[in-house]
Amino acid sequence: MPVPIRRLVVALTLSCALLAGSTACGSEKSSAEDTAAVQAVPAADTPSPTTSAQRQKFAKTRFVANAGLAAGATYQWIVKPWKAGKFKKGAKGRKSALVKAGLAGAFTYNRLKAAEKNAQGDPKLAKALAPISAGIAALKSLPAKLRSGDTKAAGSFDDVINKVKDAGSSAGAPVKNKVPSASELAKGS
């Protein structure tokens, strides 16, 4: 009885795969030469900039982008409603403002941590941002304070953002507010 060609192709493919798999595994004994050859091959997955100046330029650019998003979110959804009195008890739209401020607070913390990491790629930025690191870390608890109605928390966000902007300007990386979209805010990155 003749075998359909489709079955022959499947059987041949499986046989080749098993044969290739068994020869690729090799013997259990590995020589020092094989190990040295594997270690000598550089990793191709990690792209690196061609010059240190290029790496610093990209670090400043990423710092400015992340700090700008943090500043924009803080101003749009924390500072403006705070100044308008929307966080006070009994204010119209308070719940909505607090939810947005909590999301903006988490987003701001996330972007400032990314900006802090970017600043480490540039010596001037790293030196300028070092004193502010404790303030950035303190922001982690502020979204909860905003939701509980602590109106002083909004001022803390504003102070840290202004310090980050000043540090960026002193290191040659001026930061401008860039308001993220509501979907970016909801995603948190």
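None of the values given here were measured: they were computed from a predicted structure.

Counting residues in hydrophobic clusters, the biggest one holds 36 residues, and the most contacted among them are F63, I78, F87, L112, L129, L146 and V164. Among the secondary structure elements, those contributing two or more residues to this core are α3 (52-84), α4 (94-119), α5 (123-129), α7 (142-148) and α8 (152-170).

Let us now look at the side chain of N118. Mapped onto the secondary structure, N118 falls in helix α4. Look past the residues within four positions of N118 in its chain and what remains in contact with it is A59, R62, F63 and N66.

This part takes up the pattern of salt bridges. Applying the stated criterion across every chain, the model contains one salt bridge. Of the charged contacts, one joins E116 and K113 as a salt bridge, the two residues approaching to 3.2 Å between their closest N and O atoms. Of this pair, E116 and K113 both sit in helix α4, three residues apart, which is roughly one turn of that helix.

Further remarks concern the packing of α4 against α8. In helix packing, the relevant descriptors are the interaxial angle and the interaxial distance, both defined with respect to the helix axes. Relative orientation of the contacting elements α4 and α8 amounts to 25 degrees, with a least axis distance of 12 Å. Put simply, α4 runs roughly parallel to α8. Of the two elements, α4 crosses α8, and the hand of that crossing is left-handed. Residue-level inspection shows G105, T108 and L112 of α4 in contact with α8, the latter providing F157, V160, I161 and V164.

Time to look at the confidence of the model for the protein chain. Of the residues in the protein chain, 69% reach a pLDDT of 70 or more, and the chain-wide mean stands at 77. Model confidence for the protein chain, summarised as mean pLDDT per element, is weakest for helix α2 (residues 32-40) at 48 and strongest for α4 at 89. For the stretch residues 34-50, pLDDT sits under 50, and the model shows three contacts to residues farther than four places along the chain or on other chains.

Procedures and definitions
For every chain, the first residue of the written sequence is number 1, and numbering continues from 1 along that sequence. Under the rules for a predicted model, residues below a pLDDT of 70 receive no local features and side-chain atom pairs below 80 are neither given nor counted, while totals for whole chains, interfaces and linings still include all residues. In computing side-chain properties, one takes all heavy atoms of the structure into account and sets aside hydrogens as well as water. To qualify as a nonpolar core, a set must consist of buried Ala, Val, Leu, Ile, Met, Phe, Trp, Tyr and Cys residues joined through side-chain atoms within 4.5 Å. Throughout this description, buried means an accessible area under 20% of the type-specific maximum (1.4 Å probe, protein chains only), exposed means over 50%, and partly exposed covers the range between. Secondary structure counts use DSSP, requiring at least four H or I residues in a row for a helix and at least two E residues in a row for a strand, with both numbered from the N terminus. We call two residues contacting when some pair of their heavy atoms lies within 4.5 Å. Basic side-chain nitrogens of Lys or Arg form a salt bridge, by our definition, when they fall within 4 Å of a carboxyl oxygen of Asp or Glu. For helices, the fitted line uses only the C-alpha atoms of the stretch in contact; every axis is such a line through C-alpha atoms, and the angle between N-to-C directions lies from 0 to 180 degrees. Oblique is the label for any angle not covered by the other classes, which are roughly parallel (under 35 degrees), roughly antiparallel (over 145) and roughly perpendicular (65 to 115). It is the rotation of the near helix from the far one that decides the hand of a crossing: anticlockwise by less than a right angle makes it left-handed, clockwise makes it right-handed. As a per-residue measure, pLDDT reflects the predictor's confidence and takes values from 0 up to 100.

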